[in-house]
Amino acid sequence: ARSRSRDCRSRGQPRLLTGLHFYLTGGFDAQNLSKAELVKLITLSGGRVINREPDPENLPDGEQTVPYHGSEDSSLARTSHVILYQEGGKREPLIKYKMPHVKTLPVAWLTQS
């Protein structure tokens, strides 16, 4: 993964999470990654952290993007927003989206991918 990252950077390509907006919901314990560490990881990887939960039916025009590095056959090919939560946390979301443009995923998806 590191060599691919270096190769992309040397060719001037966008970072891995470019085109994705992230909303962090619920609590995050220090045992895994803190919320501040997640924000840093996302922004350093080209993603954008938003401060309000996305409304799947009414996304702002400027946020209707797709991931630069998403392949056409990927389940994230048309995704613009990812809602991240800590699995098993006290405030795990009751509603989890699996729409083409909005997905609710556990933090493990980001850290273990």
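Rules of the game
- Residues numbered from 1 in each chain as written.
- Predicted model: local features only at pLDDT ≥ 70, side-chain atom pairs only at ≥ 80, totals over all residues.
- Heavy atoms only, no water.
- Helix = DSSP H or I, 4+ residues; strand = E, 2+ residues; numbered from the N terminus.
- Buried < 20%, exposed > 50% of the residue type's maximum accessible area, 1.4 Å probe, protein only.
- Contact = heavy atoms within 4.5 Å.
- Areas by Shrake-Rupley, 256 points an atom, 1.4 Å probe, with all protein chains shown as cover.
- Lys, Arg positive; Asp, Glu negative; His and termini not counted.
- Charge placed at Lys NZ, Arg CZ, Asp CG, Glu CD.
- Salt bridge = Lys/Arg side-chain N within 4 Å of Asp/Glu carboxyl O.
- Pairing = 2+ DSSP bridges.
- Axes fitted to C-alpha atoms, helices over the stretch in contact; angles between N-to-C directions.
- Polar contact = N/O pair within 3.5 Å; in protein donor to acceptor, adjacent residues only side chain to side chain.

The next subject is the overall build of the protein. Looking only at helices and strands, the protein features 3 helices and 4 strands. Secondary structure elements in the protein, listed N-terminal to C-terminal, are α-β-α-β-β-β-α. When the backbone C-alpha atoms are referred to their principal axes, the protein occupies close to 40 × 35 × 25 Å. Counting across all 113 residues of the protein, residues that qualify as buried make up 35%. Taking as baseline every contact in the protein between residues at least 6 positions apart, the subset at least 24 positions apart corresponds to 60%. Summed over its atoms, the accessible surface of the protein is roughly 7,500 Å², and 49% of this surface lies on carbon and sulfur atoms. Of note, the protein has its 16 positive side-chain charges centred 7 Å away from the centre of its 12 negative side-chain charges.

Moving on, we get to the pattern of salt bridges. For the coordinates displayed, the defined rule picks out 2 salt bridges. Among the salt bridges present, the one from glutamate 63 reaches arginine 52, with a minimum N-O distance of 2.7 Å. With glutamate 63 in the loop between strand E2 (48-49) and strand E3 (81-85) and arginine 52 in the loop between E2 and E3, the pair connects residues that are 11 residues apart, well separated along the chain. The partly exposed category is assigned to arginine 52, whose relative accessible area is 34%. One salt bridge connects lysine 96 with glutamate 92, and the closest N-O pair in it is separated by 2.8 Å.

A word on the sheet that holds E3. Strand order across the open sheet formed by 4 strands is E2-E1-E3-E4, with parallel pairing between neighbours. Edge strands, defined here as strands with exactly one partner in the open sheet, are E2 and strand E4 (102-106). By the bridge criterion, 4 bridges tie strand E1 (residues 21-24) to E3 in an arrangement that is parallel. Paired with leucine 24 across the bridge in E3 is leucine 84. Contacting E1, E2 and E3, helix H2 (residues 35-44) runs over the sheet at an angle of about 175° to E1.

Quick look at the pairing of E4 now. Within a regular strand, side chains alternate between the sheet's two faces. Across the 5 residues that make up E4, a large majority, 5, are buried. Burial of the side chains of E4 extends over both faces: Val102, Thr104 and Pro106 are buried on one face and Lys103 and Leu105 on the other. In the sheet, E3 pairs with E4 via 5 bridges, with the strands oriented parallel. By the bridge assignment, leucine 84 is partnered in E4 with leucine 105.

The next subject is the side chain of serine 80. Turning to its location among the elements, serine 80 is positioned in the loop between E2 and E3. Residue serine 80 is classed as buried on the basis of its relative accessible area, which comes to 2%. Of note is the side chain of serine 80, whose polar atom sits 2.8 Å from the side chain of histidine 81. Apart from the residues within four sequence positions on either side, serine 80 is in contact with Gly19, Leu20, His21, Leu59, Glu63, Gln64, Thr65 and His101.

Of note, histidine 21 is situated in strand E1. Residue histidine 21 is classed as buried on the basis of its relative accessible area, which comes to 4%. A C-alpha to C-alpha distance of 14 Å links histidine 21 and alanine 77, two positions 56 residues apart in sequence. Leave out the neighbours within four places in its chain, and histidine 21 touches Arg48, Ile50, Gly62, Glu63, Thr65, Ser80, His81 and Val82.

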